Amino acid sequence: MESATAVVADLVGAITPVDDLEQEHIEQTLSWLARTDDIYRRIPPAIPSPHLVAYVVLVDPGERGVYLGRHRKSGLHLPMGGHVEIGEHPLAAARREAVEELGVEVFFDVVGERPFLLTVTPTVGPSGGHVDTSLWYVARGCRLRDFDLDPTEFDGGRWWGLDPCGLPDTDPHLPRFIRKLDSFLQPATT
């Protein structure tokens, strides 16, 4: 296993799953990483499949909000993010994507600088689709702030409440992310 792949395997192995599906995704990803070092997208949009993606979920934990952009290609309201470049650390990819798509540097101080959620998602598209293995990072935002999103990627964006029932059409795993985030943000009872 190449060192870059080993770093990703360590990150994935350290994730505490929120549910059986995330546990399944972790096991599936660790098995994939053990079989190959070809984990970065080389030829857009889909080669190889699967490949790594880093999501940057901008969250205002105090005001209970999540910022989503209306993604032009998918038509969904999504967190910022994109493909991890060859040899790039996933956190570096998350930082890069935040600057490219939000236009600002972000701080990963809500849950830390490690991926918070892992998902394995089949996509659809003109090439027949592919599989994204996505590492979800949590960045701190302020619900009072708006962003001029990259117009080549997004047709605007807005803050949404952290109520899974009130979300727009989005990534199918975002409600699970919110549930996991809520469990993390809840104060421990004694």
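Residues numbered from 1 in each chain as written. Predicted model: local features only at pLDDT ≥ 70, side-chain atom pairs only at ≥ 80, totals over all residues. Heavy atoms only, no water.

J.: Help me out: how do you make sense of the pairing of strand E2 (residues 65-71) in this one?
T.: Looking along a regular strand, one sees the side chains alternate between the two faces of the sheet. Here E2 lies mainly inside the structure; 6 of its 7 residues are buried. Alignment of strand E1 (residues 51-60) against E2, held across 3 bridges, turns out to be antiparallel. Bridged to Val59 within E2 is Val66. Between E1 and E2, which pair antiparallel in sequence order, lie 4 residues; one of them, Arg64, sits at a positive phi of approximately 50°. Two elements, E2 and strand E7 (residues 154-161), share 6 bridges in a ladder whose sense is antiparallel. When the sheet's bridge partners are listed, Tyr67 is paired in E7 with Trp159. Examined bridge by bridge, E2 and strand E3 (residues 77-78) share 2 bridges and lie antiparallel to one another. (Buried < 20%, exposed > 50% of the residue type's maximum accessible area, 1.4 Å probe, protein only. Helix = DSSP H or I, 4+ residues; strand = E, 2+ residues; numbered from the N terminus. Pairing = 2+ DSSP bridges.)

J.: Sorry if this is basic, but what is going on with the packing of helix H1 (residues 3-13) against helix H2 (residues 20-35) here?
T.: A packed helix pair is summarised by two numbers, namely the angle formed by the two axes and the spacing between the axes. As a packed pair, H1 and H2 sit with axes 10 Å apart at the nearest point and diverge in direction by 165°. Classified by the angle their axes make, H1 and H2 are roughly antiparallel. Handedness of the H1/H2 crossing: left-handed. In this structure, H1 contributes Thr5, Val8, Ala9, Val12 and Gly13 to the contact, and H2 contributes Ile26, Thr29, Leu30 and Leu33. A class-by-class count of the residues in the contact of H1 with H2 yields 6 nonpolar, 3 polar and no charged. (Axes fitted to C-alpha atoms, helices over the stretch in contact; angles between N-to-C directions. Parallel < 35°, antiparallel > 145°, perpendicular 65-115°, else oblique. Left-handed = near helix turned anticlockwise from the far one by under 90°. Contact = heavy atoms within 4.5 Å. Nonpolar A, V, L, I, M, F, W, Y, C, P; charged D, E, K, R; others polar.)

J.: I would appreciate a short explanation of the pairing of E1 in the present structure.
T.: For E1, the buried fraction is high: 10 of the 10 residues fall into the buried class. Residue alternation in E1 divides its side chains into two sets, His51, Val53, Tyr55, Val57 and Val59 and Leu52, Ala54, Val56, Leu58 and Asp60, and both sets are buried. Pairing analysis gives 9 bridges linking E1 to strand E6 (residues 131-140), with the strands arranged parallel. By the bridge assignment, Val56 is partnered in E6 with Tyr137.

J.: What am I meant to see in the environment of Glu113 here?
T.: By the secondary structure assignment, Glu113 is in the loop between helix H3 (90-102) and strand E5 (117-122). Judged by its relative accessible area of 44%, Glu113 falls in the partly exposed class. For the pair Glu113 and Glu85, spaced 28 residues apart in sequence, the C-alpha separation works out to 18 Å. Each residue touching Glu113, except ones within four places of it in the same chain, is listed here: Leu91, Arg95, Phe108 and Tyr137. In this structure the side chain of Glu113 is engaged in a polar contact, spanning 2.8 Å, whose partner is the side chain of Arg95. (Polar contact = N/O pair within 3.5 Å; in protein donor to acceptor, adjacent residues only side chain to side chain.)

J.: I would appreciate a short explanation of the pattern of salt bridges in the present structure.
T.: As a working rule, side chains carrying opposite charge can pair if their charged atoms are close by. Summed over all chains, the structure comprises 11 salt bridges. A salt bridge links Arg96 to Glu88, with the shortest nitrogen-to-oxygen separation between them at 2.9 Å. A relative accessible area of 21% means that Arg96 is categorised as partly exposed. The class of Glu88 is buried, set by a relative accessible area of 15%. (Salt bridge = Lys/Arg side-chain N within 4 Å of Asp/Glu carboxyl O.)

J.: Please explain the nonpolar core as it appears in this structure.
T.: Side chains that are nonpolar tend, in soluble globular proteins, to be buried together. Ranked by size, the top nonpolar core spans 33 residues in total, and within it Val56, Leu58, Tyr67, Leu102, Val106, Phe108 and Phe147 carry the most contacts. Contributing elements (two or more residues each) for this core: H1, H2, E1, H3, E6 and E7. Sort the elements by how many residues they give to this core and H3 lands first, with 5 residues. Sequence-distant contacts of Tyr67, that is, excluding residues within four places in its chain, are made with Leu58, Pro79, Met80, Leu102, Asp146, Phe147, Leu149, Gly157, Arg158 and Trp159. Counting 18 residues, the second-largest nonpolar core is a separate cluster that includes Leu68, Leu78, Leu117 and Ile178. (Core = buried A, V, L, I, M, F, W, Y, C linked by side-chain atoms within 4.5 Å.)

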